[in-house]
Amino acid sequence: MLELRYRGSCPGPGEAVSPPPREGEAAGGDHETESTSDKETDIDDRYGDLDSRTDSDIPEIPASSDRTPEILKKALSGLSSRWKNWWIRGILTLTMISLFFLIIYMGSFMLMLLVLGIQVKCFHEIITIGYRVYHSYDLPWFRTLSWYFLLCVNYFFYGETVADYFATFVQREEQLQFLIRYHRFISFALYLAGFCMFVLSLVKKHYRLQFYMFAWTHVTLLITVTQSHLVIQNLFEGMIWFLVPISSVICNDITAYLFGFFFGRTPLIKLSPKKTWEGFIGGFFSTVVFGFIAAYVLSKYQYFVCPVEYRSDVNSFVTECEPSELFQLQTYSLPPFLKAVLRQERVSLYPFQIHSIALSTFASLIGPFGGFFASGFKRAFKIKDFANTIPGHGGIMDRFDCQYLMATFVHVYITSFIRGPNPSKVLQQLLVLQPEQQLNIYKTLKTHLIEKGILQPALKV
Amino acid sequence: MTELRQRVAHEPDAPPEDKESESEAKVDGETASDSESRAESAPLPVSADDTPEVLNRALSNLSSRWKNWWVRGILTLAMIAFFFIIIYLGPMVLMIIVMCVQIKCFHEIITIGYNVYHSYDLPWFRTLSWYFLLCVNYFFYGETVTDYFFTLVQREEPLRILSKYHRFISFTLYLIGFCMFVLSLVKKHYRLQFYMFGWTHVTLLIVVTQSHLVIHNLFEGMIWFIVPISCVICNDIMAYMFGFFFGRTPLIKLSPKKTWEGFIGGFFATVVFGLLLSYVMSGYRCFVCPVEYNNDTNSFTVDCEPSDLFRLQEYNIPGVIQSVIGWKTVRMYPFQIHSIALSTFASLIGPFGGFFASGFKRAFKIKDFANTIPGHGGIMDRFDCQYLMATFVNVYIASFIRGPNPSKLIQQFLTLRPDQQLHIFNTLRSHLIDKGMLTSATEDE
């Protein structure tokens, strides 16, 4: 049992987890007292106790060591500890924002890779927490199975996306055609192989642990992988649908913090004692204004506004199109009370700015619930941060916790209010049908188009 | 605690309020040592005998072992007869039965979670679990209804709005549940609450998605519902029989009663059974035709021209079997070939679902999921091998049998913008011309 515990507390393969050896002893201490009081030798039951004990009985995992780079430490060695922390957080914030701008400049493909990288890192962080909670580091097969399931689900989702957006590219290659046609079957077979391996790997003394880790993996996949794929779907809709929501959430984080810092008095929720109502409301208003302005600035450029398409001739992604009505300036008459305030009869806006108000509202009002969920999770498992990747900020998950719900919301918003189904997907499905069915559909469509006047019956081009 | 255990054993269907009031006192006074001793103690006692009085009296003079056999046998026949009745009653009743089975399975698994975590009186938790079940069901049923009841939905104005913004409404409902969960987090019970949240979601993932795939299969044609389920049941029974009579080599440590002889015997028996059953069923329209909703009669109809899959065709028997059977050709339905694939999956991979459930029961030290069916355990015990089958059949149909639904495609097409519609129309046209289905001269045919 001692060995299992030590292995669990040793640093994992990634640099993210770095609990010092004393952590193992602290956790071990708890188990020592446990083992003297219970006579049972079954490991399962001990883990059962882990579940049913109230939170106060579980010892805290000590704070992770300081990982600030040496340079920063030397530069800030003169300041007091509190200001030093502020400066580190500030510098890292600016670094992350510039990195974000750089990647936007580099284009959609790099953004896709970035999203994939973040997803893998988030998955790794949550799974590592699971290992530490359950001390299950050397369960047979388990790490392999978790990563295998991640691969399967990613394969499934990316296959669906690739088939939609790269239709022309795919039609050319014979093997890809086969993979696309039977994609669901292949993905299911891969998943099944993992499922059967899991069943075969069940070991007598560790049933409960293994089921817990199985469930933990699946819930993590549900959260991280589906969100990241919705993000990529939003991205393909137009980079503005990716940038404005994410920026709104980041802006809400920062402005709520600032408002709370300067004006904060009434606490918001017991889960996160640092949040205040003043911060919440101030953040809401500033985010709406910020979203409004960001939408105005970005709507001008085709680069941000056009759906991302893959052109087979140039073999790269292009964002060139005729901007849709959403991104063309329109004049709106102001309602009377605003007229009095702004002293203008009409105003020129992009329709997208109205949508951005909805997005910013969601980011400020509901987005924080994602943050509270993550705070509750950290308290439940007595961890201070998800990992220690970013000095001063914690892990990647700490930065992205408010984004969880945003990606799903934007996706649902787009499918419900903005556009209908994806035309290339409809085309792809049409091409897969039986020839007789295609002919029938062709006739129906033709009648419909002629009725609507979109197709001239006289023209036989 | 003994009270809680016994109550669970005696009255699985008792109203939850009873259990809650009993266990409240226990959970509040919980300390580390309490929970240890509870977890340490023997597994939950064997469920009390729930056999109806009638059976008890009739079998009172037999020995205990044979009595158990008889009870199981009678209940098996009762369930199979019930199954036939439901099939006779039609697709609507089948849908309702599937939904009830789903709700019962969900209830059983959630109850196990409560017992494991002693979390019966967590604030809000039971409400939230059932609320999430409702949300996910609303989402899935809405998607199904929109697909299959398209004309009905277009007629009624409120339904049309509900279906147009369906995803948004479902997402909003789910979000409300999520926010309620976050607001309900209580200081001393964070971990428990997160565990139950995770438990609920995994249960929903397993139970609700499977039941909706079953309903999709059902709409494809009742034969796609009946043959897979019957194959799994047949495999269960055949493997048991073969194991009983010939069983010697154990199959897997998880389930010591399973044997290789049972496994292989069950495989062959199931394949043969599947072939015979599909032959019988492919002859009837009511099994073979996709279920459709008829606007005029406002009911479900199964009336159509059977597809190629369900028309007898001649196959040449390969040489090796020719010498055995003595026939040159055989008349079969193409569907029977597919049924071999379905039966094979049911016998080879289906049991893994059973092993998964066995492992789960061992992990949480329970003998049966619940005590609903005398002699058999809970509904989940009967349906554990079906888990993977429904998904497999759905994926199989989508990959090998039919392509996308043409009427759904037309419906999606009509919502596109005119320039997109024109683009797709022209691409389809050139594709058809390429294939020779359409020639430019006969354009207005």
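Residues numbered from 1 in each chain as written. Chains lettered and ligands numbered in written order. Predicted model: local features only at pLDDT ≥ 70, side-chain atom pairs only at ≥ 80, totals over all residues. Heavy atoms only, no water.

Per an unreviewed UniProt entry, chain B goes by Phosphatidate cytidylyltransferase and derives from Macaca mulatta. In the Subcellular location (unreviewed entry) part of its UniProt record, chain B is described as follows: "Membrane". (UniProt positions renumbered as here; feature names shortened; annotations may be inferred.)

Looking at an unreviewed UniProt entry, one finds chain A named Phosphatidate cytidylyltransferase, with Chlorocebus sabaeus as its source organism. What UniProt states about chain A under its Sequence similarities (unreviewed entry) heading is, verbatim, "Belongs to the CDS family." The UniProt entry for chain A carries the following comment under Subcellular location (unreviewed entry): "Membrane".

(A) Fine view of the overall build of chain A. When you go through chain A residue by residue, the secondary structure sums to 21 helices and six strands. A burial count over chain A gives 50% of its 461 residues as buried. Of the roughly 22600 Å² of accessible surface on chain A, 64% is carried by carbon and sulfur atoms. (Helix = DSSP H or I, 4+ residues; strand = E, 2+ residues; numbered from the N terminus. Buried < 20%, exposed > 50% of the residue type's maximum accessible area, 1.4 Å probe, protein only. Areas by Shrake-Rupley, 256 points an atom, 1.4 Å probe, with all protein chains shown as cover.)

(B) Just the overall build of chain B, in detail. Helix and strand counts for chain B come out as 21 helices and six strands. The buried share of chain B, taken over its 445 residues, is 46%. Sequence separation of at least 24 residues holds for 68% of the intrachain contacts in chain B that already meet a minimum separation of 6. (Contact = heavy atoms within 4.5 Å.)

(C) The domain arrangement of chain A, seen in detail. All names here are of chain A. The domains assigned to chain A are domain 1 (65-106), domain 2 (108-422) and domain 3 (423-460). Listed per partner, the contact involves 16 residues of domain 1 and 19 residues of domain 2. Taken together, both faces of the contact between domain 1 and domain 2 bury some 1600 Å²; the carbon and sulfur share is 71%. Our count for the contact surface shared by domain 1 and domain 2 stands at zero salt bridges. In this assembly, domain 1 and domain 2 are joined by two residue pairs in polar contact (both at pLDDT 80 or more). Partitioned by chemical class, the residues of the side of domain 1 that touches domain 2 number 10 nonpolar, three polar and three charged. (Domains from an automatic or database assignment. Buried area = accessible area lost by both parts, 1.4 Å probe. Salt bridge = Lys/Arg side-chain N within 4 Å of Asp/Glu carboxyl O. Polar contact = N/O pair within 3.5 Å; in protein donor to acceptor, adjacent residues only side chain to side chain. Nonpolar A, V, L, I, M, F, W, Y, C, P; charged D, E, K, R; others polar.)

(D) Examining the environment of A:Leu268 more closely. When you line up the elements, A:Leu268 lands in strand 1 (residues 267-269). Remark: the alpha-carbon pair of A:Leu268 and A:Gly279, spanning 11 residues in sequence, is separated by 8.9 Å.

(E) Fine view of the pattern of salt bridges. Residues and elements named next belong to chain A. Scanning the model with the defined rule gives five salt bridges over all chains in all. Here lysine 121 ties to glutamate 125 by a salt bridge, and the two come within 3.5 Å at their closest N and O atoms. Within this pair, lysine 121 and its partner glutamate 125 are both found in helix 6 (residues 108-134), separated by four residues, close to a single helical turn. Each member of the pair, lysine 121 as well as glutamate 125, is classed as buried. In this structure, arginine 184 and glutamate 160 form a salt bridge, with 3.5 Å as the shortest nitrogen-oxygen distance. Taken together, the residues arginine 184 in helix 10 (residues 183-200) and glutamate 160 in helix 7 (residues 142-165) connect sequence positions 24 residues apart.

(F) Spotlight on the UniProt feature "transmembrane region" (unreviewed entry) in chain A. Residues and elements named next belong to chain A. The positions UniProt marks with the feature "transmembrane region" (unreviewed entry) are residues 141-158, 178-200, 212-232, 238-264, 276-298 and 352-374. The span residues 178-200 is 96% helix and 0% strand, and its two end C-alpha atoms sit 31 Å from each other. Spanning residues 238-264, this segment combines 89% helix with 0% strand, and its end C-alpha atoms are found 37 Å apart.

(G) The pairing of strand 2 (residues 272-276) of chain A, seen in detail. Residue and element names in this part refer to chain A. Bridging between strand 1 and strand 2 involves two bridges; their strand directions are antiparallel. Within strand 2, the position partnered with proline 267 by the bridge is threonine 276. Here strand 1 folds back onto strand 2, and the loop between the two strands holds two residues. (Pairing = 2+ DSSP bridges.)

(H) Representation of the UniProt feature "transmembrane region" (unreviewed entry) in chain B in the model. All names here are of chain B. Residues annotated in UniProt with the feature "transmembrane region" (unreviewed entry) correspond here to residues 69-89, 95-117, 124-141, 168-186, 193-215, 221-247, 259-281 and 337-357. Split by type, residues 95-117 is 100% helix and 0% strand. Its first and last C-alpha atoms lie 33 Å apart. Secondary structure over residues 337-357 splits into 95% helix and 0% strand, and the C-alpha atoms at its two ends are 30 Å apart.

(I) Region of the structure containing the nonpolar core. Ranked by internal contacts, the top residues of the largest apolar core, which has 186 residues, are A:Trp241 and B:Trp224. The greatest single-element share of this core, amounting to 14 residues, is contributed by helix 11 (residues 190-220) of chain B. When neighbours within four sequence positions are excluded, B:Trp224 is seen to be in contact with B:Asn217, B:Leu309, B:Phe310, B:Phe335, B:Leu342, B:Val393, B:Tyr396, B:Ile397 and B:Ile401. Counting 17 residues, the second largest nonpolar core, distinct from the first, contains A:Ile441, A:Leu449, B:Leu409 and B:Leu438. (Core = buried A, V, L, I, M, F, W, Y, C linked by side-chain atoms within 4.5 Å.)

(J) Seen up close, a nonpolar patch on the surface. All names here are of chain A. A cluster of nonpolar side chains, namely Trp83, Trp86, Trp87, Ile97, Phe101, Ile250, Ile254, Tyr257, Leu258, Phe261, Phe262 and Phe263, defines an oily patch on the protein surface of about 1200 Å² accessible area. Those elements that provide at least two residues to the nonpolar patch are helix 5 (81-106) and helix 12 (240-263). With seven residues, the top contributor of residues to the nonpolar patch is helix 12. Here tryptophan 86 is to be found in helix 5. Taking the relative accessible area as the measure of exposure, tryptophan 86 reaches 33% and is therefore partly exposed. (Patch = residues over 30% accessible without salt bridge, like charges linked within 9 Å, V, L, I, M, F, W, Y side chains within 5 Å.)

(K) Local environment of the confidence of the model for chain B. All names here are of chain B. Per-residue confidence for chain B gives a mean pLDDT of 76, with 78% of residues at or over 70. Predicted confidence is poor over residues 1-49, with pLDDT under 50, and the contacts of this stretch with residues over four places away or in other chains come to 64 contacts. Interface predicted TM-score (ipTM) for the complex: 0.76; the corresponding pTM is 0.76. (pLDDT = per-residue confidence, 0-100.)

(L) Just the packing of aromatic side chains, in detail. Residue and element names in this part refer to chain B. Tallied over the full model, the rule gives 72 aromatic pairs over all chains. Taking 5.3 Å as the distance between ring centres and 85 degrees as the angle between the ring planes, the aromatic pair formed by phenylalanine 244 and phenylalanine 245 counts as edge-to-face. The partly exposed category is assigned to phenylalanine 244, whose relative accessible area is 41%. (Phe/Tyr/Trp six-rings, centres within 6.5 Å; stacked < 30°, edge-to-face > 60°.)

(M) Looking closely at the packing of helix 6 (residues 91-117) of chain B against helix 11 of chain B. Residues and elements named next belong to chain B. At a closest axis distance of 10 Å, the pairing of helix 6 and helix 11 adopts a crossing angle of 165 degrees. Compared by their axis directions, helix 6 and helix 11 come out roughly antiparallel. The element helix 6 and its partner helix 11 pack so that their crossing is right-handed. Counted by class, the contact of helix 6 with helix 11 contains 23 nonpolar, six polar and no charged residues. (Axes fitted to C-alpha atoms, helices over the stretch in contact; angles between N-to-C directions. Parallel < 35°, antiparallel > 145°, perpendicular 65-115°, else oblique. Left-handed = near helix turned anticlockwise from the far one by under 90°.)

(N) Representation of the packing of helix 11 (residues 207-237) of chain A against helix 19 (residues 404-418) of chain A in the model. All names here are of chain A. Between helix 11 and helix 19, the shortest axis-to-axis distance is 9 Å and the interhelical angle comes to 45 degrees. In terms of axis orientation, helix 11 runs oblique to helix 19. Here helix 11 runs over helix 19; the crossing is left-handed. Here helix 11 contributes Gln227, Leu230, Val231, Gln233, Asn234 and Glu237 to the contact with helix 19, which in turn contributes Tyr404, Leu405, Ala407, Thr408, Val410, His411 and Ile414. Of the residues in the contact of helix 11 with helix 19, the class split is seven nonpolar, five polar and one charged.

(O) Quick look at helix 13 (residues 260-281) of chain B. Residues and elements named next belong to chain B. Over its 22 residues, helix 13 extends 31 Å from the first C-alpha to the last, a length consistent with the 32 Å expected when each residue adds 1.5 Å. Buried within helix 13 we find Gly262, Phe263, Gly265, Gly266, Thr270, Val271, Gly274, Leu277, Ser278 and Met281. Each element contacted by the buried residues of helix 13 is listed here: helix 12 (223-246), strand 1 (250-252), strand 2 (255-259), helix 14 (285-288), helix 16 (334-348) and helix 17 (350-363). (Expected span 1.5 Å × (residues − 1).)

(P) Region of interest: the state of the cysteines. Residues and elements named next belong to chain A. Under the counting rule described, the total for this entry stands at zero disulfides over all chains. Looking at the unpaired cysteine 196, the closest cysteine sulfur is the one in cysteine 152, lying at 12 Å. The class of cysteine 196 is buried, set by a relative accessible area of 11%. (Disulfide = S-S within 2.5 Å.)

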